[in-house]
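Examining the three-dimensional arrangement
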Amino acid sequence: QVQLVESGGGVVQAGASLRLSCAASGIILSFNNMGWYRQAPGKQRELVATITSRTSGSRTQYADSVKGRFTISRDNAKNTMYLQMNSLKPEDTAVYYCNANTYINNFWGQGTQVTVSS
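Described in the following lines is the structure provided in the data block. Just so it is clear, the structure is predicted and the values come from calculations on it, not from any experiment.

As a further point, take the pattern of salt bridges. Within the structure shown, the criterion is met by 4 salt bridges. We note a salt bridge from Asp92 to Arg38, for which the minimum N-O separation is 2.9 Å. In this pair, Asp92 sits in the loop between strand 8 (80–85) and strand 9 (94–101) while Arg38 sits in strand 4 (residues 33–39), placing the two residues 54 residues apart along the sequence. Salt-bridge contacts for Asp92 lead to Arg69; the nearest nitrogen and oxygen are separated by 2.8 Å.

This is the structure:
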């Protein structure tokens, strides 16, 4: 059974940092394309950052709104993906979800809440 478990969310003030983690079981993350998505109240889920599989070079991409502030990474030994979030803004407030996918599978975590106060 595949499980993706996010952690690290919380309530912080604007300008603070948080690191989200996505721990996986039942799959090997390095074989998957991975991503962080977020969904704010009343809005559609949006892509935040992605990292390709190790065989695809672990290339990263970011939404324009988080470029230069967020960093996605993967620790293959720990089978865990991270999202380092710096200089947080109130508009970053959302539930953050991790995603792992290949051409035949697509898995989601349950989400972790990030709230940034002004």
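The next point concerns the state of the cysteines. Overall, the coordinates contain 1 disulfide when judged by the stated rule. Each sulfur of the disulfide joining Cys22 and Cys98 lies 2.1 Å from the other. Here the disulfide of Cys22 and Cys98 is right-handed, its torsion about the S-S bond being about 50°. Here the residue Cys22 occupies a position in strand 3 (residues 18–25), and Cys98 occupies one in strand 9, the gap between them amounting to 76 residues. We note that Cys22, like Cys98, is buried.

Another aspect to go through is the packing of aromatic side chains. The full count for this structure, using the stated rule, is 1 aromatic pair. When the ring of Tyr37 is compared with that of Trp108, the centres are 5.0 Å apart and the planes differ by 65°; the resulting orientation is edge-to-face. Highlighted residues: Tyr37 in strand 4 and Trp108 in strand 10 (residues 106–108), separated in sequence by 71 residues. Tyr37 sits in the buried class, given a relative accessible area of 19%. If you follow Arg45 out to its NZ or CZ, it ends over the ring of Tyr97, 3.8 Å from the centre. For Arg45, the ring lying beneath its charged end belongs to Trp108, and the centroid distance is 4.6 Å.

Parameters at a glance
- Residues numbered from 1 in each chain as written.
- Predicted model: local features only at pLDDT ≥ 70, side-chain atom pairs only at ≥ 80, totals over all residues.
- Heavy atoms only, no water.
- Salt bridge = Lys/Arg side-chain N within 4 Å of Asp/Glu carboxyl O.
- Helix = DSSP H or I, 4+ residues; strand = E, 2+ residues; numbered from the N terminus.
- Disulfide = S-S within 2.5 Å.
- Buried < 20%, exposed > 50% of the residue type's maximum accessible area, 1.4 Å probe, protein only.
- Phe/Tyr/Trp six-rings, centres within 6.5 Å; stacked < 30°, edge-to-face > 60°.
- Lys NZ or Arg CZ within 6 Å of the ring centre and 35° of its normal.

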